[in-house]
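Residue-level listing of the chains:
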Amino acid sequence: MSRRYDTKTNAFSSDGRLMQVENALEGINQAGSSIGILTDEGITFACERDVSSSLLELSKHSEKIFCLDRHVHCVVSGLAADANLLIEVSRVHSQRFRYSYRENIPIQELVRHVCDIKQRYTQVGGQRPFGAAFLFGGWDKTFKFQLYSSDPSGNFAGWKAIAIGKNHVAANSFLKENYQEGMTMTQGLDLAVKALCKTIDTTNPSPDKLEIMYMTKNEAGELVAKTLNEKEVLELLQRNNFQVKQKE
Amino acid sequence: MSIFDYNGGGIVAMKGKNCIAIGADRRLGQQMKTVSTNFKKIFRMQDNILLGLGGLATDIETFSAEMEYKLNLYNLRENRKLKPTAFVSLVSSTLYEHRWGPYFVSPIVVGLQDGTPVISTYDSIGCTTDTENFAVAGTAGELLYGLCETYYREDIPAEELVEIIGQILLAGCDRDALAGWGGVVYLLTTDNLHIRELKTKQT
């Protein structure tokens, strides 16, 4: 009986649209925002934590930013459970590549693998698409630092700067106006935090709601990834003239 | 001839005072022909874990890659480092996964858990032996045992341990036609990992 409705989830509407995919995309637009910036010195991610209850037992690692391998990280927007599954898939895929070729997986290949899976759920099987969008950032020897976004449709694109999630339209137009070629990491961080604060409802952001990290190469030429601690986030906000709300 | 003797090799590991050392020869052979003199048999799995492998060379390479694969995924999922005792178990279970088509390797795991040295050896299908003092592997294994028994004592300091392992390796592998052609010793202390290359006679 329910089979009558199953085929509808992945069928075209009369005007050639996939309604389920569009609904999934809408879901992302309600989720906590994420910003990614590509600079000459590396990549920075800034995101807003979805839930920030004082009752929540804060885990040591992030709920939004994940390491996929030593040379690539991702940020999640949308349904956490859907994202976690895809993150597990990417990690295994990256390790399998490393096992076969004894090398870092090219970022685009990793992104494509995840997106191929997402696309499958928009065409086959009658199951709903993944309600998760990602920003992938990393370094490989072919294209150096790269930033990609992917959405529930399975589409992906490379960016210089991108915002996804809540108020991404406003954030993206802000990025378009203010992005410059040849920025340093510091300038990238400034731009990211300004764009992020554009998406958040309050005018006085609190550091515990924000998560900011960056990937860059150190003097030895090694790739390092660093997440800003609360004090550093506070300094970054104050440097950009935001009135910071103190934690109660 | 046994499949374990095809490529040749000698690995020796010994506990010291809050430190541990593992040494291996550098020969890669095809029965009596020597093909390479810088073949890697000791792998740094983590800051405080080393894996030495004797046996068939292709399996040495593949098995170390499989352990690295599993260790990386553990780090990514758990967001923490693997304890040496956990790695010891991981090697054992991985070997047993291939119970009916085993890797022809003789692994030695060497680690420092909270400053305490850990050594484990296995047969090719995962039977673990936690040794108290030293471990050997490879075609030169039996020859290395004698020297280990002679030179081992409790709480050898780090600088001395490197020397001892080096001498044991050189003398032991000298007696084995299939092992030798250089040596490398890894010394693991709580501060760092020190790698020393040994020069040998060209035999």
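The model shown is predicted, which means the values in this text are computed figures rather than measured ones.

The next subject is the packing of helix 6 (residues 185–199) of chain A against helix 7 (residues 230–239) of chain A. Residue and element names in this part refer to chain A. Closest axis-to-axis distance for the helix 6/helix 7 pair is 10 Å, and the angle between their directions is 85°. Compared by their axis directions, helix 6 and helix 7 come out roughly perpendicular. Residues Thr 186, Leu 189, Asp 190, Val 193 and Cys 197 of helix 6 touch helix 7, and the partners they reach there are Leu 236, Leu 237 and Arg 239. In terms of residue class, the contact of helix 6 with helix 7 is made up of 5 nonpolar, 1 polar and 2 charged.

Attention shifts here to the sheet that holds strand 2 (residues 19–25) of chain B. All names here are of chain B. Judged by pairing direction, the sheet is antiparallel, and its 5 strands sit side by side in the order 10-1-2-11-12 without closing on themselves. The open sheet has two edge strands, strand 10 (134–138) and strand 12 (193–198), and neither has a second partner. Taking each pair of neighbouring strands and ignoring which way they run, the sheet shows an average axis angle of 10°. With 6 bridges connecting them, strand 11 (residues 183–189) and strand 12 associate as antiparallel partners.

Helix packing for two helices is described by the angle between their axes and how far apart those axes are. Residues and elements named next belong to chain B. Relative orientation of the contacting elements helix 3 (residues 141–151) and helix 4 (residues 158–175) amounts to 150°, with a least axis distance of 8 Å. Here helix 4 runs roughly antiparallel to helix 3, going by the angle between their axes. Pair helix 3 / helix 4 crosses with right-handed handedness. Residues Leu 143, Leu 144, Leu 147, Cys 148 and Tyr 151 of helix 3 lie in contact with helix 4, whose contacting residues are Ile 164, Ile 168, Leu 169, Ala 171, Gly 172, Cys 173 and Arg 175.

A separate point is unusual backbone geometry. Unlike most non-glycine residues, Asn 167 of chain A shows phi in positive territory, near 55°. Within the fold, Asn 167 of chain A resides in the loop between strand 8 (161–164) and helix 5 (168–178).

Its place among the elements puts Asp 116 of chain A in helix 4 (residues 107–123). Note: C-alpha distance between Asp 116 of chain A and Lys 217 of chain A (101 residues apart in sequence) is 30 Å.

Opposite the 11 residues of chain B that make contact, chain A presents 13 residues. Between chain B and chain A, a total of about 1,100 Å² is buried, with carbon and sulfur atoms accounting for 53% of that surface. Area buried by chain B at its contact with chain A is led by Tyr 69, Leu 76 and Arg 77 of chain B, which between them contribute 50% of it. Taken together, the connections running from chain B to chain A amount to 3 salt bridges. One salt bridge in this structure joins Glu 88 of chain A and Arg 77 of chain B, with 2.3 Å as the shortest N-O distance. The interface formed by chain B and chain A includes 3 residue pairs in polar contact (both at pLDDT 80 or more). Residue composition of the side of chain B that touches chain A, by class: 5 nonpolar, 3 polar and 3 charged.

Now for the packing of aromatic side chains. Where two aromatic rings form a pair, the distance of their centres and the angle of their planes describe that pair. The final tally for this structure, using the stated rule, is 9 aromatic pairs over all chains. Between Phe 4 of chain B and Phe 104 of chain B the ring centres are 5.7 Å apart and the planes differ by 85°, which places this aromatic pair in the edge-to-face class. Placement of Phe 4 of chain B in the segment before strand 1 (10–15) and of Phe 104 of chain B in the loop between helix 2 (84–97) and strand 7 (105–113) is noted, with a sequence separation of 100 residues between them. The class for Phe 4 of chain B is partly exposed, based on a relative accessible area of 26%. Look at Phe 134 of chain B and Tyr 152 of chain B: their rings are 5.7 Å apart centre to centre, the planes differ by 65°, and that puts the pair in the edge-to-face class. Here Tyr 152 of chain B lies in the loop between helix 3 and helix 4 and Phe 134 of chain B lies in strand 10, a separation of 18 residues in the sequence. An aromatic cluster is present here, built from Phe 134, Tyr 145 and Tyr 152 of chain B joined pairwise through their rings. Cation over ring: Lys 217 of chain A sits above Trp 139 of chain A, and NZ or CZ is 3.5 Å from the ring centre. Geometry around Trp 100 of chain B places Arg 99 of chain B over its ring, the cationic atom sitting 4.2 Å from the centre.

Take the layout of surface pockets next. Residues and elements named next belong to chain B. If you add up the space inside the second largest pocket, you get close to 250 Å³. Together, 16 residues line the second largest pocket, and Phe 4, Ser 106, Ala 137, Gly 138 and Thr 139 are the ones closest to its centre. Elements that contribute at least two residues to the lining of the second largest pocket include exactly strand 6 (49–55), strand 7, strand 10 and helix 3. Among the residues making up the lining of the second largest pocket, the classes are represented as 6 nonpolar, 7 polar and 3 charged.

Glancing now at the pattern of salt bridges. Inspection of every chain in the model, using the stated rule, returns 23 salt bridges over all chains. A salt bridge links Glu 211 of chain A to Arg 49 of chain A, with the nearest nitrogen and oxygen atoms 3.2 Å apart. Residue Glu 211 of chain A is located in strand 9 (residues 210–217), and its partner Arg 49 of chain A is located in the loop between strand 2 (42–48) and strand 3 (65–69); the two are separated by 162 residues in the primary sequence. Taken as a pair, Glu 211 of chain A and Arg 49 of chain A share a single burial class, namely buried. Here Lys 81 of chain B ties to Asp 47 of chain B by a salt bridge, and the two come within 3.6 Å at their closest N and O atoms. Of this pair, Lys 81 of chain B sits in the loop between helix 1 (57–78) and helix 2 while Asp 47 of chain B sits in the loop between strand 5 (42–46) and strand 6, placing them 34 residues apart in sequence. What you see here is one network of salt bridges that share partners, running through Asp 15, Arg 17 and Glu 22 of chain A.

Procedures and definitions
Residues numbered from 1 in each chain as written. Chains lettered and ligands numbered in written order. Predicted model: local features only at pLDDT ≥ 70, side-chain atom pairs only at ≥ 80, totals over all residues. Heavy atoms only, no water. Axes fitted to C-alpha atoms, helices over the stretch in contact; angles between N-to-C directions. Helix = DSSP H or I, 4+ residues; strand = E, 2+ residues; numbered from the N terminus. Parallel < 35°, antiparallel > 145°, perpendicular 65-115°, else oblique. Contact = heavy atoms within 4.5 Å. Nonpolar A, V, L, I, M, F, W, Y, C, P; charged D, E, K, R; others polar. Pairing = 2+ DSSP bridges. Left-handed = near helix turned anticlockwise from the far one by under 90°. Buried area = accessible area lost by both parts, 1.4 Å probe. Salt bridge = Lys/Arg side-chain N within 4 Å of Asp/Glu carboxyl O. Polar contact = N/O pair within 3.5 Å; in protein donor to acceptor, adjacent residues only side chain to side chain. Phe/Tyr/Trp six-rings, centres within 6.5 Å; stacked < 30°, edge-to-face > 60°. Buried < 20%, exposed > 50% of the residue type's maximum accessible area, 1.4 Å probe, protein only. Lys NZ or Arg CZ within 6 Å of the ring centre and 35° of its normal. 1 Å grid on protein atoms, 1.4 Å probe; cavity = no way out; pocket = protein on both sides within 12 Å on 5 of 7 lines; lining within 4 Å. Points joined across faces, edges and corners; volume = space filled by probe spheres on them.

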